[in-house]
Amino acid sequence: MTATNGSLGRLFSRYRSVPIVYRLAVAFLLGVIVAFVVGPPAERLAPIGDLFLRLLEMIVVPVVVFSLLAGVRRLSPAQMGRVGVYVVGFYAITTTIAGIIGLGLANLLQPGRGVQFTGGAAKSAEAPTIKEVLLGIVPTNPITALAEGNLISIIFFVIVFGIALALVLDRTDDDTVEAGASTVFAIAQAGMEAMFTLVWGVMEFGVIGVFALVAAELAGRDVGAILALGSLVGVVALAIGVHIVVTYLFVIVLGLIGESPIAFLRGAKNAMTTAFSIRSSSATLPVTMTDAEEQLRIDERVYGFALPLGSTANMDGAAIRQAVTVVFAANVVGQPLALGDQAAILLITVLVSIGTAGVPGAGLIMLTIVLQQAGLPLTVVGFVAAVDPILGRIATMNNVTGDLAVSTLVGKLTGSIDLDDGVWAD
């Protein structure tokens, strides 16, 4: 028995020695194989995949709250303003660039030409006004926002509360108040460290979870129907590839930061693989933050602010996906759109995406709004839904990569990154 236990222990140690990113990739591929070999019976694995998603969703809100509070404490009000302007500004710029790339390639390659439209019903979704989007950022009840997992409202409240608490701590002469404020920040710091430890436990289970999730999701799919939409998937993937390589790797990492794009990819690979596997930038947030700290060596003052905000408000992949899909939809129904109309629709998409949850399926909700604004049949949503798992994965991977690229750049500009350690030193 002892020898058997020793052999199992050595086997488990060898398994653990393989980087999690490779184990997740293998799990994903095995899930695809099982889905198409076994077929519909593989759907019985769904509860295991659902459990993995629930575990990730369980830790998202605590990670956001603890990391933002810890990050705010390490920033002076002046630094907070500087970091905030950089982060929001760069997110806006990269999302605009993403949309331009998506529209440009979609108009050049015209996805959907020759594809026969086949019905599929979709529910109408009323597009929120700009006023509603902006007002929706401010919660009427922070406790309700926490309970509902409304991340953009949670982020807003935690930031303003953290700034207020930091100001109180810096200005008070009352020992009791000072001790209380310091205790809150200390709890946030300890809570963040505990959540990072929990993240890796969840990710160990995630190897099984990703396998089950993919196998159940793809089981029984009509391969022919998915291949018929290859033009849409191909153009979205190409646009995202161009955006990652040109905007993130060459312009930001190589040009503005002056570091190796390969080193950046090594540092971001865990988050990129996780995002691709689970289709949720919000659920990937704990892994993204771990990569930022342990691999890219970004200071907590920057990533603790930039990444939670980016997981909700930075939607480069969504901008590309919607830009290409609206051209695709116009083509398959025979209602081509003028370039000016496309640009106006893209602006609406970017604004709406600010309040869209970074979870699987949110892309279809956004598409419903976009099609409605474009005057295109909502039944296109049912057609595109066939490849939504693929589009969602690559778009989410783009979003997470953009979050890390912008955080790295802000770290460089504010002197809040150690470029002599982590992947940069390899």
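Quick notes on the rules
- Residues numbered from 1 in each chain as written.
- Predicted model: local features only at pLDDT ≥ 70, side-chain atom pairs only at ≥ 80, totals over all residues.
- Heavy atoms only, no water.
- Helix = DSSP H or I, 4+ residues; strand = E, 2+ residues; numbered from the N terminus.
- Contact = heavy atoms within 4.5 Å.
- Areas by Shrake-Rupley, 256 points an atom, 1.4 Å probe, with all protein chains shown as cover.
- Patch = residues over 30% accessible without salt bridge, like charges linked within 9 Å, V, L, I, M, F, W, Y side chains within 5 Å.
- Salt bridge = Lys/Arg side-chain N within 4 Å of Asp/Glu carboxyl O.
- Lys, Arg positive; Asp, Glu negative; His and termini not counted.
- Charge placed at Lys NZ, Arg CZ, Asp CG, Glu CD.
- Buried < 20%, exposed > 50% of the residue type's maximum accessible area, 1.4 Å probe, protein only.
- Core = buried A, V, L, I, M, F, W, Y, C linked by side-chain atoms within 4.5 Å.
- pLDDT = per-residue confidence, 0-100.
- Axes fitted to C-alpha atoms, helices over the stretch in contact; angles between N-to-C directions.
- Left-handed = near helix turned anticlockwise from the far one by under 90°.
- Nonpolar A, V, L, I, M, F, W, Y, C, P; charged D, E, K, R; others polar.
- Polar contact = N/O pair within 3.5 Å; in protein donor to acceptor, adjacent residues only side chain to side chain.
- Expected span 1.5 Å × (residues − 1).
- Parallel < 35°, antiparallel > 145°, perpendicular 65-115°, else oblique.
- Phe/Tyr/Trp six-rings, centres within 6.5 Å; stacked < 30°, edge-to-face > 60°.

(A) Highlighting the overall build of the chain. Secondary structure assignment for the chain yields 18 helices and 0 strands. Relative to all contacts within the chain whose residues are 6 or more apart in sequence, the contacts with residues 24 or more apart total 84%. Carbon and sulfur atoms make up 66% of the accessible area of the chain, which amounts to about 18,100 Å² in all.

(B) Structural view of a negative patch on the surface. Negative charge collects at one region of the surface, where Asp173, Asp174, Asp175 and Glu178 lie side by side. You can see aspartate 174 is positioned in the loop between helix H7 (151-171) and helix H8 (175-218). Look at aspartate 174 and you get partly exposed, because its relative accessible area is 39%.

(C) Examining unusual backbone geometry more closely. For glutamine 110, which is not glycine, the phi dihedral falls at a positive 50°. Here glutamine 110 is to be found in the loop between helix H4 (77-109) and helix H5 (130-135). Backbone geometry at arginine 297 places phi at a positive 60°, although glycine is not the residue there. For arginine 297, the position within the fold is in the loop between helix H12 (281-295) and helix H13 (300-313). On the accessibility criterion, arginine 297 (29% relative accessible area) is partly exposed.

(D) Here's a closer look at a nonpolar patch on the surface. On the surface, a cluster of nonpolar side chains totalling about 500 Å² of accessible area is made up of Val245, Val246, Phe250, Val251, Leu254 and Leu256. Position of valine 246 among the secondary structure elements: in helix H10 (residues 230-257).

(E) Representation of the nonpolar core in the model. Of all hydrophobic cores here, the largest spans 107 residues; its most connected members are Val87, Val210, Phe264, Tyr303, Leu404 and Trp424. Sort the elements by how many residues they give to this core and H8 lands first, with 14 residues. Every residue in contact with valine 210, bar those within four places of it in the chain, is listed here: Leu24, Ala27, Phe28, Phe52, Ser277 and Ile278.

(F) Molecular detail of the confidence of the model for the chain. Per-residue pLDDT for the chain averages 78, and the proportion of residues at 70 or more is 77%. Between residues 118-125, whose pLDDT stays under 50, and residues either more than four places distant or in other chains, the model counts 18 contacts.

(G) Quick peek at the environment of alanine 147. Within the secondary structure layout, alanine 147 lies in helix H6 (residues 142-148). Look at alanine 147 and you get exposed, because its relative accessible area is 69%. The spatial distance from the C-alpha of alanine 147 to the C-alpha of valine 61 is 9.2 Å, given a sequence separation of 86 residues.

(H) Fine view of the packing of H12 against helix H18 (residues 388-413). Running from N to C, H12 and H18 cross one another at 35°; their axes reach a closest spacing of 11 Å. Crossing handedness for the pair H12 and H18: right-handed. Only Thr396, Val400 and Leu404 of H18 make contact with H12, whose side of the interface consists of Ser281, Thr284, Thr288 and Ala292. When grouped by side-chain class, the residues that make up the contact of H12 with H18 number 3 nonpolar, 4 polar and no charged.

(I) Region of interest: the pattern of salt bridges. The tally for this structure, following the rule as stated, stands at 2 salt bridges. With a shortest N-O distance of 3.3 Å, aspartate 421 and arginine 297 are connected by a salt bridge. Taken together, the residues aspartate 421 in the segment after H18 and arginine 297 in the loop between H12 and H13 connect sequence positions 124 residues apart. Residue aspartate 421 is classed as partly exposed on the basis of its relative accessible area, which comes to 32%. Residues aspartate 299 and arginine 301 are paired through a salt bridge, measuring 3.2 Å at the closest nitrogen-oxygen approach. The pair formed by aspartate 299 and arginine 301 is uniform in burial state, with each residue classed as buried.

(J) Seen up close, the side chain of asparagine 399. Mapped onto the fold, asparagine 399 is located in helix H18. By relative accessible area, which is 5% here, asparagine 399 ends up buried. Reaching out from asparagine 399, the side chain makes a polar contact with the backbone nitrogen of glycine 317 at a distance of 2.6 Å.

(K) Representation of H13. Helix length check: H13 (14 residues) gives 19 Å between terminal C-alpha atoms against 20 Å at 1.5 Å per residue, within 8%. Taken across its 14 residues, H13 has 13 buried, putting it largely inside the fold. The backbone nitrogen of arginine 301 has a side-chain oxygen 2.8 Å away, supplied by the residue at the start of H13, namely aspartate 299.

(L) Representation of the packing of H10 against helix H11 (residues 261-278) within the structure. Put simply, H10 and H11 touch, their axes get as near as 9 Å, and they point 105° apart. Comparing the axis directions of H10 and H11 gives the class roughly perpendicular. Contact with H10, carried on its side by Leu249, Val253 and Leu254, involves Pro261, Phe264 and Leu265 of H11 and no other residues of that element. Of the residues that constitute the contact of H10 with H11, the class distribution is 6 nonpolar, no polar and no charged.

(M) Structural view of the packing of aromatic side chains. Here the structure, examined in full by the defined rule, presents 2 aromatic pairs. Taking the centre distance of 6.0 Å and the plane angle of 10° together, the rings of tyrosine 86 and phenylalanine 90 count as stacked. Remark: phenylalanine 90 and tyrosine 86 occur in helix H4; sequence separation between them is 4 residues, near one turn of the helix. Of the residues examined, tyrosine 86 reaches a relative accessible area of 25% and is grouped as partly exposed. Aromatic pair phenylalanine 157 and phenylalanine 161: ring centres 5.9 Å apart, planes at 15°, arrangement stacked. Of this pair, phenylalanine 157 and phenylalanine 161 both sit in helix H7, separated by 4 residues, roughly a single helical turn.

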